[in-house]
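# What the coordinates show
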Amino acid sequence: MKKPLWYEKLERWVEGDSPALPEPLAHVENPEPVKEEEAPVQHGPSLLRSAGGTAMNRLTTAFGILCCAIFALLMLTTVAYLPRFGDADNAPENETSRRYIEQGLEEVGATNLVTNIILVYRGFDTYGESCVLFLGATAVIMLLEADRKNTSQKDRLALRRSDALDEEERNQILGHITTVLMPVIFLYGLYILCNGHLSPGGGFAGGSILGGALILCENAFGARRVQSFFNHKVYHIIKVGALILYAVLICYTIYVGANGLPNLIPLGTPGSILSAGIILPINVAVGLEVACTMYAFYTYFGRGDL
Amino acid sequence: MILEILAAVLIGLGLICCCIAMFGVYRMDYVLTRIHAAAIIDTLGTLLIFAGMILLRGLGWASAKILLILAFQWLTSPVSTHRISKVEILSNPDYDKHCEVE
């Protein structure tokens with residue numbers, strides 16, 4: 001079966017005008033063997049080297065492997081206890097989901113039922129997620145923070161030089177556009193944050209928009225400008241404060257709900273912005289947490305500092 | 001009826017622009033030429049498709065939102081294209097071997 005001429009022409013045009021067809025093939029073939037050769041040479045010894053070394057190192061590695069094995073075993077045993085596929089009393093058929101849909105609005109008060117579930121009915125779960133964000137950011141800071149022990153004078157000089165170059169190359173176009181767009185993006189992020197109980201959105205979505213806006217700000221105006229309002233102190237206050245606020249609210253709700261006490265936080269009228277009790281402050285707390293984490297990841301991976 | 005045909009023609013033209021840009025991205029082999037092709041989608045493609053959608057919808061809140069999205073696209077995507085090319089030129093010393101740069 002021979003390809004028609006026009007098809008061959010089109011193919012050649014798509015792959016670039018070069019008349020010699022074997023060239024792209026050779027280009028594709030080349031990286032494969034190189035990768036195969038490099039992979040064992042690079043990975044094998046480096047793993048062995050970290051496993052070898054001192055006895056302490058070997059112990060750490062063994063402990064890590066043991067932890068991983070225990071966790072894998074736990075997960076697999078949990079899988080064995082999962083209900084069978086298509087059983088009559090599986091999650092979609094049982095009474096929990098019906099209660100979420102039928103009484104979620106009057107019990108929790110948010111018109112967005114998904115927010116009801118993730119922030120109140122399953123608020124403890126989401127609290128765990130926020131803790132994961134907190135721990136992730138903390139671990140990144142511990143590993144990547146540039147201090148006296150892991151940066152030489154040379155690294156610091158290189159960073160300063162690149163900062164100076166950035167300052168020189170500070171882009172007029174990006175700066176102007178960011179000046180125009182920054183308030184709009186921040187406003188949009190806050191809107192999504194504060195409307196999480198009324199419409200799709202909420203803490204995680206709004207927080208990532210805010211974090212993206214901060215990153216854009218850093219790119220357009222330089223790290224120093226962002227540091228003027230978002231330094232270590234502000235960062236720690238927001239991060240710890242938001243997590244504590246969330247913890248207090250969720251503990252209060254669980255305590256009140258479990259003991260059948262009257263909930264003192266008013267639910268308000270469903271549909272208005274100040275309604276749904278604890279959902280609005282929790283959304284704001286989660287959003288601030290997410291924004292801080294995103295920006296911290298970005299700057300710590302890039303500069304090793306806020 | 002006439003409006004719908006006009007809208008269909010506009011959306012079709014927009015889709016053709018997107019196809020051309022997509023072909024361009026695959027055909028070109030260097031960053032600067034590739035982003036040149038890809039920028040067609042963000043500017044002409046979105047303009048034609050959104051114009052067709054506005055014609056279909058008539059004037060109203062929906063078309064106002066579409067115009068806002070268009071404004072956002074036109075503000076942001078040329079800037080990001082510009083930044084990508086700037087980074088390429090700053091980091092690649094022999095960029096002019098791949099294509100002519102004025």
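The rules behind each value
- Residues numbered from 1 in each chain as written.
- Chains lettered and ligands numbered in written order.
- Predicted model: local features only at pLDDT ≥ 70, side-chain atom pairs only at ≥ 80, totals over all residues.
- Heavy atoms only, no water.
- Helix = DSSP H or I, 4+ residues; strand = E, 2+ residues; numbered from the N terminus.
- Buried < 20%, exposed > 50% of the residue type's maximum accessible area, 1.4 Å probe, protein only.
- Contact = heavy atoms within 4.5 Å.
- Areas by Shrake-Rupley, 256 points an atom, 1.4 Å probe, with all protein chains shown as cover.
- Buried area = accessible area lost by both parts, 1.4 Å probe.
- Polar contact = N/O pair within 3.5 Å; in protein donor to acceptor, adjacent residues only side chain to side chain.
- Nonpolar A, V, L, I, M, F, W, Y, C, P; charged D, E, K, R; others polar.
- Salt bridge = Lys/Arg side-chain N within 4 Å of Asp/Glu carboxyl O.
- Phe/Tyr/Trp six-rings, centres within 6.5 Å; stacked < 30°, edge-to-face > 60°.
- Core = buried A, V, L, I, M, F, W, Y, C linked by side-chain atoms within 4.5 Å.
- Expected span 1.5 Å × (residues − 1).
- Bend = angle between axes of the 7 residues up to and from the residue.
- Axes fitted to C-alpha atoms, helices over the stretch in contact; angles between N-to-C directions.
- Parallel < 35°, antiparallel > 145°, perpendicular 65-115°, else oblique.
- pLDDT = per-residue confidence, 0-100.
- Disulfide = S-S within 2.5 Å.

## Observations concerning the overall build of chain B
Looking only at helices and strands, one finds three helices and zero strands in chain B. Ordering the α and β elements of chain B from the N terminus gives α-α-α. When the 102 residues of chain B are sorted by exposure, 28% land in the buried category. Long-range contacts, defined here as pairs at least 24 residues apart, represent 71% of the contacts in chain B between residues at least 6 apart. Roughly 6,900 Å² of accessible area belongs to chain B as shown, and the carbon and sulfur atoms make up 71% of that amount.

## A few points about the overall build of chain A
Scanning chain A from N- to C-terminus turns up 13 helices and zero strands. Traced from its N-terminal end to its C-terminal end, chain A shows the element sequence α-α-α-α-α-α-α-α-α-α-α-α-α. Going through the 306 residues of chain A one by one, you find that 27% of them count as buried. At a minimum sequence separation of 6, the contacts of chain A that also span at least 24 residues come to 68%. With the model as given, the accessible surface of chain A reaches about 20,700 Å², and the carbon-plus-sulfur share is 68%.

## Observations regarding the interface of chain B and chain A
On the chain A side, the residues contacting the eleven residues of chain B number twelve residues. Together chain B and chain A conceal approximately 1,200 Å² of surface at their shared face, both sides included; 72% is due to carbon and sulfur atoms. Taken together, the links from chain B to chain A amount to zero residue pairs in polar contact (both at pLDDT 80 or more). Going through the elements one at a time, α1 (2-27) and α3 (61-91) of chain B are the ones with two or more residues in the side of chain B that touches chain A. The element contributing the most residues to the side of chain B that touches chain A is α3(B), with eight residues. Residues belonging to the side of chain B that touches chain A are distributed by class as follows: six nonpolar, two polar and three charged.

## Section: the pattern of salt bridges
All names here are of chain A. One pass over the full model with this rule turns up one salt bridge over all chains. One salt bridge connects K239 with E289, and the closest N-O pair in it is separated by 3.0 Å. Here E289 lies in helix α13 (residues 279-302) and K239 lies in helix α12 (residues 232-259), a separation of 50 residues in the sequence.

## Here we look at the packing of aromatic side chains
All names here are of chain A. Tallied over the full model, the rule gives four aromatic pairs over all chains. With a centroid separation of 5.4 Å and an interplanar angle of 80 degrees, the aromatic rings of Y127 and Y246 are classed as edge-to-face. You can see Y127 sitting in helix α7 (residues 123-144) and its partner Y246 sitting in helix α12, a full 119 residues away along the chain. Comparing Y127 with Y246, the two get one shared label, buried. Between F230 and Y295, the ring centres sit 5.4 Å apart and the planes meet at 80 degrees, which makes this aromatic pair edge-to-face. Pair noted here: F230 is in the loop between α11 (223-227) and α12 and Y295 is in helix α13, with a separation of 65 residues, a long-range link. Ring pairs connect the aromatic residues F230, Y235 and Y295, which therefore count as one cluster.

## Looking at the side chain of B:T46
In this fold, B:T46 is placed in helix α2 (residues 31-57). Once residues lying within four places of it in the same chain are set aside, the contact partners of B:T46 are B:I41, B:L70 and B:W74.

## Focus: the nonpolar core
Residue and element names in this part refer to chain A. One finds L214, V226, F230, Y235, Y295, Y300 and L306 to be the most contacted residues of the largest nonpolar core, which totals 22 residues. Only α7, α9 (172-194), α10 (203-221) and α13 provide two or more residues apiece to this core. Contacts of L306, omitting those with residues within four sequence positions, involve Q227, F230, N231, H232, Y235, Y295, A296, T299 and Y300. Counting 18 residues, the second-largest nonpolar core is a separate cluster that includes L119, V120, I278 and V290.

## Regarding α2(B)
All names here are of chain B. For α2, built from 27 residues, the straight-helix expectation of 39 Å at 1.5 Å per residue is met to within 8% by its first-to-last C-alpha distance of 38 Å. The largest bend in α2 comes to about 35 degrees, at G45. Listed in full, the buried residues belonging to α2 are L32, I35, A37, A39, G45, T46, L48, I49, F50, G52 and I54. Each element contacted by the buried residues of α2 is listed here: α1 and α3. G58, located one to two residues past α2, shows a positive phi value of around 80 degrees.

## A look at the packing of helix α6 (residues 113-121) of chain A against α13(A)
All names here are of chain A. One way to put it is that α6 packs onto α13 with a least axis distance of 11 Å and a crossing angle of 80 degrees. Taken together, the axes of α6 and α13 are roughly perpendicular relative to one another. Packed against α6, whose contacting residues are T115, N116, L119 and V120, the element α13 presents I279, I282 and N283 at the interface. A class-by-class count of the residues in the contact of α6 with α13 yields four nonpolar, three polar and no charged.

## Section: the confidence of the model for chain A
With 84% of its residues at a pLDDT of at least 70, chain A reaches an overall mean of 77. Across residues 19-51 of chain A, confidence stays below pLDDT 50; counting only partners more than four residues off in sequence or on other chains, it has ten contacts.

## A look at the state of the cysteines
Tallied over the full model, the rule gives zero disulfides over all chains. The thiol of B:C17 is not disulfide-bonded; the next cysteine sulfur, from B:C18, is found 6.9 Å away.

## What to know about the side chain of A:T178
Residue and element names in this part refer to chain A. Secondary-structure assignment places T178 in helix α9. Its relative accessible area of 2% is what places T178 among the buried residues. Not counting residues up to four positions away in its chain, the partners in contact with T178 are P183, L216, A220 and F221.

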